[in-house]
Structures are given as C-alpha cells and as structure tokens.
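Results of the structural survey
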Amino acid sequence: MPKNDTEDIVDIKNRKKRRKRLIKFLIFILVIGLGTGLYFTRDKWYNKLRGIGEQYRTIVNSGTLAKGNFPIEVSSDNNYQLMKMGRRIVVLSGNDTLFFDTEGNLLKKRQHTYTNSVLCVSGERALIYACGGNQLSVEDENEVCYTKEFDENILFARLSPEGYTGVVTTAENNKCEIHVYDKKGTIVYDRKCIDEYVNDLSFTNESQGCVFSYIMAKNGQLVTNIKSVMFSDANELWTSGDIFTVGIELDGFNGNAFILGNDSCGYVDSNGNVGEFYQYDGEMKGGSCSGGKAAVIINNEDLRKYIAVLFSDVSTSPLTIELDEPTVDVMVSGGLAYVLTQEHMMAYDFDGGLRSTADVSDSYTGFVKNEEHIFLKSYKKIDRIDFES
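What counts and how
- Residues numbered from 1 in each chain as written.
- Predicted model: local features only at pLDDT ≥ 70, side-chain atom pairs only at ≥ 80, totals over all residues.
- Heavy atoms only, no water.
- Helix = DSSP H or I, 4+ residues; strand = E, 2+ residues; numbered from the N terminus.
- Buried < 20%, exposed > 50% of the residue type's maximum accessible area, 1.4 Å probe, protein only.
- Contact = heavy atoms within 4.5 Å.
- pLDDT = per-residue confidence, 0-100.
- 1 Å grid on protein atoms, 1.4 Å probe; cavity = no way out; pocket = protein on both sides within 12 Å on 5 of 7 lines; lining within 4 Å.
- Points joined across faces, edges and corners; volume = space filled by probe spheres on them.
- Phe/Tyr/Trp six-rings, centres within 6.5 Å; stacked < 30°, edge-to-face > 60°.
- Lys NZ or Arg CZ within 6 Å of the ring centre and 35° of its normal.
- Pairing = 2+ DSSP bridges.
- Axes fitted to C-alpha atoms, helices over the stretch in contact; angles between N-to-C directions.
- Disulfide = S-S within 2.5 Å.

With respect to the overall build of the protein chain
Scanning the protein chain for helices and strands turns up two helices and 33 strands. A buried classification covers 47% of the 389 residues belonging to the protein chain. Taking the intrachain contacts of the protein chain between residues at least 6 apart in sequence as the baseline, contacts between residues at least 24 apart amount to 39%.

Written out as structure tokens, the structure reads:
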C-alpha cells in the first residue's frame, strides 16, 4: 500500500477519535449544565414531579367502625352539633357541652341555659352563644375562660385560632354592631354599622384584623360586599365591588377572601377586586374553606349529577370532580378536601387526585376529621373510623 494512502487512513481514524471525544465532552458539559439547572430550580418542579408518582396511589381504608366507647350515644335529636377542638371533639347537645378525646372518653361535661345555642370552635377553645339571645361563653376543656352579656341580641359570633372573639349584635340606631374581644375578653374593636347588614366575619393577620361580608339591596337585587379592616385603624383596607350572590360563609387569608354564596362562590383579591364566580348547577349541599382553599359539593337530582368543586387559590380556575352518588358533607383540612357521600368517605388533593377512600353506610348526615380519624354523625350517635390520607 502506498505511504500516502496509509497516512490518509491513519488521519481519518484520528479525526474520528477526536470527533467522538468532542461529542462525549459536549454531552458531559450538557449533562452538568442540565443537572445544575435542575438543582437550582428544584423548588419549582420537585413537588410537582413527586405528585405525579403519588397522585395515582389511593389509600383504601377499611371503614371498620371503632368499638370500645363507640358509638357515642347522644341524648338529643339530630340537631346536636359536632366539632373538633385540637385533639378533642366537642358535642353541643341540648343544654350540655361534652368534651371527648379521640378514643371516645368523656373528659368534661358542662351545662348552660342558652336557647337556640350555637357552637363555634377554633384551636383549643369553644364558643357557645345564644342565637337571638344576649349571652355567650368562651371555654376550653378545663375551664370557662370568660362570659359576656349584651344589651342587644346576638346575630352570630366567631372565634379565631388566637382566641379572639367577634360578635355581631343588633343595634338600636344602626343596622348592627361588631364587637371584637381578645383572648382575655377585653374589647379591642367596636364598629357601628350604619348601612351594613353584616352576615359573616373572618379573622385575618393573626387576629389583628378581619374581613366581614354584608348584604344590601341594589336595583331590586340582593348583593354581597366585603370589607377588610385592621383593628388598630378606623379606615378600611379595601371594600369589594358588588358580588351578585347572598353570602353564607367567608374565609379571609393573605389579604384575600373566599366567599361561599347561596348560588355561587369565588374569590376577592387583596385590592377588593371580585374574580370570576362559579355558578352552581344544582343544590349546594355544603361548603368549606380554610387557608385560601375551598371545596363545594353540589347535587342535581334531576340530572343525577353529583360533583365536588375544588378551589386552590385566587389565581387558579376551579376543578370539578364528578361523583357517582349524592354528596352529604365536605370539609377542608390539612390541604385536602374530605367529601362524604351516601356510601363513601373520600379525600382529594387540590389537583383532583383521590388520596384515600373508605366505604360507609348511608345513615350519616355529617362528619369531622381529627388526627387519623373521621367522626361520623348520625341520628343520636357518633361513630368513628380510622382514615389514613
């Protein structure tokens, strides 16, 4: 073989080797760059990627009813009220307030003389008041923290996680009046509402302020508005535009608000701007909001259509989940939406993933979630099932 041909072959082989080394080096640099980029942006993608693997893993709970102290027998009719209080549950039955631990042991029983009594719980405290009466009591498991008696009648009252109490009463020369007390029962805010029929209140800014909704008639139609206030300032932070629904429940969070209405629901942002509201296609059976997340259940018996609608935040469109049977009750807790239907207890994340489920009977009318348990309310008794979610 001629010498020049031999040199050409060697040169070609060397060029191929150099090309392979260059390609390997470029791939190495690309992998390093990609890995570095993924590392520094991991907060944006890791939780979403982890959720893809988890969203299809549904926990199937047995639904077995607890024994021992369960079921808890309730002497009054089905109008008794059941709520969670820290690691306890509280039952308001007739004139009795009953405190139980999660094993069903009765820890404390107190009696009151209120008629049309209402129970409200937040954190480790319970608020009991006479709707249409003039007395209230703030209590925990161990003692009555304080009581109040008003000259006017109580329309409603609310309790905050920090122990503050908001009370809306009738007023002789105004539509109503707002009174706010700190955890010791000392007045910190008082507002005479000249034109506002206040129908709900939610504490904000660690109980340093609140949002409240009120109903007005405009052009022959009832509308709801919301105001945001700080207790240290006489002026409002913001006032919303007209919301064309009758507000039922209000939740304030991070300067924003979510309002559950009789025929629609939605968000109001921190400037008072009203977002797009979701219109119910059927009967709204229940709603729950906590920390900016909300869930609503709707039954349309004519169409045999049953849905849960999940609202994750002020900037995201609601997510609709179709269900196989009529809905009964709903609760938002720990970043999940718990939905009770006639035959199932289910927990959904706010991406619509079914996190857990359990079979239940059709006799229950409501529930509360506490720790790893679901307490199921039915006529004159309370059952408990273990529920991992």
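More follows now that the structure is in view.
A short note on the confidence of the model for the protein chain
Caution is warranted with low-pLDDT regions, since their predicted coordinates should not be read in detail. Summary statistics for the protein chain give a mean pLDDT of 89 and a share of 86% for residues scoring 70 or more. Low pLDDT, under 50, characterises residues 46–54; the predicted model gives this stretch zero contacts beyond four residues in sequence or across chains.

A look at the layout of surface pockets
Put simply, the largest pocket is a space of about 1,800 Å³. Lining the largest pocket are 50 residues, with Met83, Val121, Glu249, Ser288 and Cys289 positioned closest to its centre.

What to know about the packing of aromatic side chains
Going through the model one piece at a time under the given rule, you end up with eleven aromatic pairs. Every member of this aromatic cluster is reached through a ring pair, and the members are Phe253, Phe258, Tyr267, Tyr278 and Phe311. Residue placement shows Lys377 over the ring face of Tyr80; its charged tip is 4.8 Å from the ring centre.

Quick word on the sheet that holds strand S17 (residues 221–230)
Spatially, S15-S16-S17-S18 is the arrangement adopted by the four strands of the open sheet, whose pairing is antiparallel. Each having just a single partner strand, strand S15 (197–204) and strand S18 (236–239) make up the two edges of the open sheet. Taken pair by pair, the neighbouring strands of this sheet meet at an average axis angle of 25°, ignoring direction. As defined by bridge partners, S15 adjoins strand S16 (residues 209–218) across seven bridges and the pair is classed as antiparallel. For Leu201, the partnering residue across the bridge sits in S16 and is Phe212.

Some words on the state of the cysteines
Scanning the entire structure with this criterion turns up zero disulfides. This cysteine, Cys289, is not joined by any disulfide, and Cys265 carries the nearest cysteine sulfur, 9.1 Å off. The class of Cys289 is buried, set by a relative accessible area of 13%.

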